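Overview (structure and organization)
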Amino acid sequence: RSLMHTFVLSSRNTHTAPAHKLLKLQNHRRSYTTRTTKPDGKKTLVLLGTGWGSTTMLKTLDTSNFNVIVVSPRNYFLFTPLLPSCTVGTTENRSIMEPIRHIVGRNNKDVRFYEAQCTDIDPKAKQLTLQTPSDTVAHISYDYLVVGVGGTYNTFGTPGVQEHALFLKEMQDASKIRRRLKDTIERAGFEDTTLEERKRLLHMVVVGGGPTGVEFAGELHDLITEDLSKWVPGLAKHVRITLVEALPHVLPSFDPKLVKYTEHTLRKNGIQLMTGTTVKRVGRTTLVVRDTKDGRESEIPYGNIVWAAGIQAREFAHTLRAKVPHVQTNARGLIIDDHLRVKGTGDIWALGDCTVSKNAPLAQVASQQGKWLARAFNAMAKERQAGDAYNSIAAKAPFVYASKGSLAYIGGERAIAEIPAFSTSITAGGPLASLFWKSYCLWELFSVRSSLSVATDWAKRAVFGRHISVD
Ligand code: NAI
């Protein structure tokens, strides 16, 4: 198996199979075999995902030591801190999307990329089942597997959320929000729309006072005050934003001073804060909320609802958990040890939001894990211990997360920043923190091209306002 891996396509769509790889016909399936381990005996390392963890690992990994295969349904890396700004056109979508092949090509990596979703795993046979965008099914083998499939939104089973709410996790989500905002605003402008209906349509509800919800509410506020008030003043005056949070305050992971500053700024910007309030169910035009103190329920009409109430591991993490149910007992995701190995498995490591560890599901954590694991693989290759990857990596000093601080944009050219300094941390909120946040984004973007695109988007917005048309 270490010399070859098979590529099996189901009979449904066999015409998409690479003909030169066809070796034999087996019952109703065509079996394709490709050489994944070069004659010099290199092992096959499969990376699942193109998020913060996997992409950082790919950048740091010396790919000449392994046959590296990257599998992801997304052929680009997404710079998630700027995703909320794409929902209103502050930043254009492509500016924060970095094609994975650019990353590979720029760094001269010898890597294969398969655009597919990994749907199943056979840990004993070390084989993965992939579903391609054209709905064909393929199988590949691995020697070492790194799972960085990330997280997705969590509805917590709240009735009506899946059907009626919008989410903010992927670029498609941001585009959908942008389109829906445009449609709702245009609909509200029709002459036959009653005032009551207009107010309902223009009531934007954000559920979840974590960083995603707060940043989105801030961006929405900017769109209304900077652009809609100029182009459609008659409608802009009816727009209302409500942020619903179950806990007594927003941003529970931030310093209390910054929480206070954020809540003050949001209120000053006209955003209605409903803290201590839980969304119980969502209908087509109204949602039901419950006061967590007195248990009273009320119904609120809305035009658009964005659900930013938390995340959960993706389906594949649960598929893998199910293979070792006696060890993988945490429903939140894959339990990993200090050396990022998925407990209960052999030669499988995991990083980022699909895992459960003492670290929060942060981009920074995933990125540092990716770097740590890449260095561990690089060192292992140097030590020529590739035959026993688990022991080689387990012998290294464990992964320790070093926080570089937290930043969040809160609207109106203001941000909050919490930077660790020695045994304490420096906190700041306001326009200067916003400049710091912007500089951080430009610095952290994966390429000069992306940084230039984002800087240009910001400059265009400052001079001409946002591009409010949507295709
Ligand atoms: P989150 O889990 O941080 O926040 C979700 C919020 O929704 C919670 O405060 C929760 O109490 C509330 N909630 C849950 N169910 C609710 C309901 N039914 N009704 C009302 N409120 C409800 O989720 P978020 O913001 O998506 O962030 C996910 C992770 O990513 C976090 O670890 C976060 O720190 C991180 N992140 C950090 C960013 C930054 O530092 N700038 C930006 C975006 C995400």
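Thresholds, definitions, all that
- Residues numbered from 1 in each chain as written.
- Predicted model: local features only at pLDDT ≥ 70, side-chain atom pairs only at ≥ 80, totals over all residues.
- Heavy atoms only, no water.
- Helix = DSSP H or I, 4+ residues; strand = E, 2+ residues; numbered from the N terminus.
- Rg over C-alpha atoms; globule rule 2.2 N^0.38 Å.
- Contact = heavy atoms within 4.5 Å.
- Areas by Shrake-Rupley, 256 points an atom, 1.4 Å probe, with all protein chains shown as cover.
- Lys, Arg positive; Asp, Glu negative; His and termini not counted.
- Charge placed at Lys NZ, Arg CZ, Asp CG, Glu CD.
- Near = heavy atom within 4 Å.
- Polar contact = N/O pair within 3.5 Å; in protein donor to acceptor, adjacent residues only side chain to side chain.
- Nonpolar A, V, L, I, M, F, W, Y, C, P; charged D, E, K, R; others polar.
- Pairing = 2+ DSSP bridges.
- Axes fitted to C-alpha atoms, helices over the stretch in contact; angles between N-to-C directions.
- Phe/Tyr/Trp six-rings, centres within 6.5 Å; stacked < 30°, edge-to-face > 60°.
- Buried < 20%, exposed > 50% of the residue type's maximum accessible area, 1.4 Å probe, protein only.
- Lys NZ or Arg CZ within 6 Å of the ring centre and 35° of its normal.
- Salt bridge = Lys/Arg side-chain N within 4 Å of Asp/Glu carboxyl O.
- Left-handed = near helix turned anticlockwise from the far one by under 90°.
- pLDDT = per-residue confidence, 0-100.
- Core = buried A, V, L, I, M, F, W, Y, C linked by side-chain atoms within 4.5 Å.
- Domains from an automatic or database assignment.

**Points about the overall build of the chain**
When helices and strands are tallied, the chain shows 14 helices and 28 strands. By the compact-globule yardstick of 23 Å for 471 residues, the chain fits well, its C-alpha radius of gyration being 24 Å. With the C-alpha coordinates aligned to their principal axes, the bounding extent of the chain is approximately 70 × 55 × 50 Å. For the chain, contacts bridging at least 24 residues in sequence account for 63% of all contacts bridging at least 6. Accessible surface, the chain as shown: approximately 22100 Å² in total, 54% of it carbon and sulfur. Across the chain, the mean location of the 61 positive side-chain charges is 4 Å away from that of the 43 negative side-chain charges.

**Things to note about the site of the ligand**
Taken together, 21 residues lie near the ligand, and Thr212, Glu245, Ala246, Val279 and Leu407 sit nearest. Between the ligand and the protein, one listed contact pairs a nitrogen atom with a backbone N or O atom of Ala246 at 3.1 Å. One nitrogen or oxygen atom from the main chain of Val279 is found 3.0 Å from a nitrogen atom belonging to the ligand. Notes on the ligand: free accessible area 850 Å², of which the protein chains cover 76%. Those elements that place two or more of their residues in the shell around the ligand are helix H7 (211-231), strand E16 (240-245) and strand E18 (277-282). Of the residues in the shell around the ligand, the class split is twelve nonpolar, seven polar and two charged.

**Side note on the sheet that holds strand E24 (residues 348-350)**
Pairing in this open sheet of five strands is parallel, and the strands run E8-E5-E4-E12-E24 from one edge to the other. Here the strands that pair on one side only, and so sit at the sheet edges, are strand E8 (111-115) and E24. Looking at each pair of strands side by side, their axes are set apart by 20° on average, direction ignored. Across the face of the sheet, helix H1 (residues 52-60) comes into contact with strand E4 (44-48), strand E5 (67-72), E8 and strand E12 (144-147) while running at roughly 145° to E4. Helix H11 (residues 363-382) rests against E4, E12 and E24 of the sheet, and its axis sits at about 170° to E12.

**Thoughts on the packing of aromatic side chains**
Evaluated as defined, the whole model comprises 13 aromatic pairs. Relative to Phe79, the ring of Trp52 has its centre 5.7 Å away and its plane inclined at 55°; by these criteria the two rings are tilted. Of the two residues, Trp52 sits in helix H1 while Phe79 sits in the loop between strand E6 (76-78) and helix H2 (83-86), which places them 27 residues apart along the sequence. Of the two residues, Trp52 and Phe79, both sit in the buried class. Between Trp349 and Phe377 the ring centres are 5.2 Å apart and the planes differ by 75°, which places this aromatic pair in the edge-to-face class. Taken together, the positions of Trp349 in strand E24 and Phe377 in helix H11 put the pair 28 residues apart, joining distant regions of the chain. Given the relative accessible area of 0%, Phe377 is considered buried. One aromatic cluster is present, formed by Trp52, Phe77, Phe79 and Phe446 through successive ring pairs. For Lys59, the ring lying beneath its charged end belongs to Phe446, and the centroid distance is 4.7 Å. Above the face of the Phe190 ring, Arg187 is positioned so that its terminal group lies 4.9 Å from the ring centre.

**Concerning the pattern of salt bridges**
A full pass over the atoms with the stated rule returns 20 salt bridges. Between Asp120 and Lys323 there is a salt bridge, with the nearest N and O atoms lying 3.2 Å from each other. Of this pair, Asp120 sits in strand E9 (residues 117-122) while Lys323 sits in the loop between helix H10 (315-321) and strand E23 (334-335); the two residues are 203 residues apart in sequence, bridging distant segments of the chain. A relative accessible area of 30% means that Asp120 is categorised as partly exposed.

**As for the packing of H1 against H11**
Where H1 meets H11, the axes come as close as 7 Å, and the angle between the chain directions of the two elements is 35°. As H1 runs across H11, the sense of the crossing is right-handed. On H11, the residues that touch Trp52, Gly53, Thr56, Met57 and Thr60 of H1 are Ala363, Ala366, Ser367, Gly370, Lys371, Leu373, Ala374, Arg375, Phe377 and Asn378. Across the contact of H1 with H11, the residue classes break down as seven nonpolar, six polar and two charged.

**Points about the packing of helix H13 (residues 431-444) against helix H14 (residues 448-464)**
Where H13 meets H14, the closest approach of the two axes is 8 Å, and the angle between their N-to-C directions is 145°. The element H13 and its partner H14 pack so that their crossing is right-handed. In contact with Lys438, Cys441 and Leu442 of H13, H14 contributes Ser451, Val454, Ala455 and Trp458.

**Quick look at the confidence of the model for the chain**
Averaged over all residues, the pLDDT of the chain is 90; the fraction at 70 or higher stands at 91%. With pLDDT under 50 throughout, residues 1-37 is counted as low confidence; its partners more than four residues away or in other chains account for 95 contacts.

**Comments concerning the side chain of Thr87**
Structurally, Thr87 can be placed in the loop between H2 and strand E7 (97-99). Judged by relative accessible area, Thr87 falls into the buried class, the value being 0%. One polar contact links the side chain of Thr87 to the main-chain carbonyl oxygen of Pro84, over a distance of 2.5 Å.

**Points about the nonpolar core**
Leu48, Leu128, Val147 and Phe377 are the most contacted members of the largest nonpolar core, which totals 113 residues. Broken down by element, the residue count for this core peaks at eight residues, all from H11. For this core, the two domains that each supply at least three residues are domain 1 (5-73 + 116-153 + 312-394) and domain 2 (161-309 + 405-464). Contact partners of Phe377, with chain neighbours within four places excluded, come to Leu45, Met57, Leu61, Phe66, Tyr144, Val146, Trp349 and Ile393. Counting residues in hydrophobic clusters, the runner-up holds 15 residues, among them Val161, Ala165, Val205 and Val289.

**Observations concerning the environment of Glu263**
Looking at where Glu263 falls in the secondary structure, it is placed in helix H9 (residues 256-268). We classify Glu263 as buried; its relative accessible area is 8%. C-alpha separation for the pair Glu263 and Val214, spaced 49 residues apart in sequence, amounts to 9.6 Å. Not counting residues within four places of it along the chain, the set of residues in contact with Glu263 comprises Pro248, His249, Val250, Leu273 and Thr275.

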